[in-house]
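Listed below, chain by chain, are the residues.
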Amino acid sequence: MDIKTATAIRRLRLVSAPEAISFLLLLVCSVLKRTTDFNAVPVMGMVHGVLFVLYVIFWADAWNRTKWSLKTAALYFVLSVLPTGGFFAERRLRREAEDAVIASRARQDGVVGA
């Protein structure tokens, strides 16, 4: 894995958890808006919107660089629209990056002939 691909995956990882948190906070704010006088939906909506757009941009970049299959790319996109999906995406992306580092080190050491 080259540095640009690793960076693309890292950016997607870094934005996935905050995007999931903002989604959950937006849901809480929506409930609070309906049940109390507290209305933070406009602010949380903006924060979540910015993070979601960043997630989609970073997702597209990572898909382009990693050459994921359509199934894998669709999975990461679907995880972005589920309330807790960003946490699962972050975990899978971290595992994928760690596996790539291990494979790269094995190739450098001559352990694997790939």
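To be clear, the structure that these remarks concern was listed above.
No experiment lies behind these values; they were computed from the predicted model shown.

Details of the overall build of the protein chain
A tally of helices and strands in the protein chain yields 4 helices and 0 strands. Its helices and strands taken in sequence order, the protein chain reads α-α-α-α from the N to the C terminus. If one aligns the C-alpha atoms of the protein chain with their principal axes, the spans along those axes are about 65 × 20 × 20 Å. Within the span of the protein chain, comprising 114 residues, buried residues form 31% of the whole. Sequence-distant contacts, at least 24 apart, represent 62% of the contacts inside the protein chain between residues at least 6 apart. Accessible area of the protein chain: about 7200 Å², with a carbon and sulfur share of 66%. Counting 15 positive and 9 negative side-chain charges, the protein chain places the centres of these two groups 3 Å from one another.

Points about the packing of aromatic side chains
Taken as a whole and assessed by the stated rule, the structure comprises 3 aromatic pairs. Grouping aromatic residues by their ring pairs yields a cluster made of Trp 59, Trp 63 and Phe 77.

Cut-off values and rules
Residues numbered from 1 in each chain as written. Predicted model: local features only at pLDDT ≥ 70, side-chain atom pairs only at ≥ 80, totals over all residues. Heavy atoms only, no water. Helix = DSSP H or I, 4+ residues; strand = E, 2+ residues; numbered from the N terminus. Buried < 20%, exposed > 50% of the residue type's maximum accessible area, 1.4 Å probe, protein only. Contact = heavy atoms within 4.5 Å. Areas by Shrake-Rupley, 256 points an atom, 1.4 Å probe, with all protein chains shown as cover. Lys, Arg positive; Asp, Glu negative; His and termini not counted. Charge placed at Lys NZ, Arg CZ, Asp CG, Glu CD. Phe/Tyr/Trp six-rings, centres within 6.5 Å; stacked < 30°, edge-to-face > 60°.

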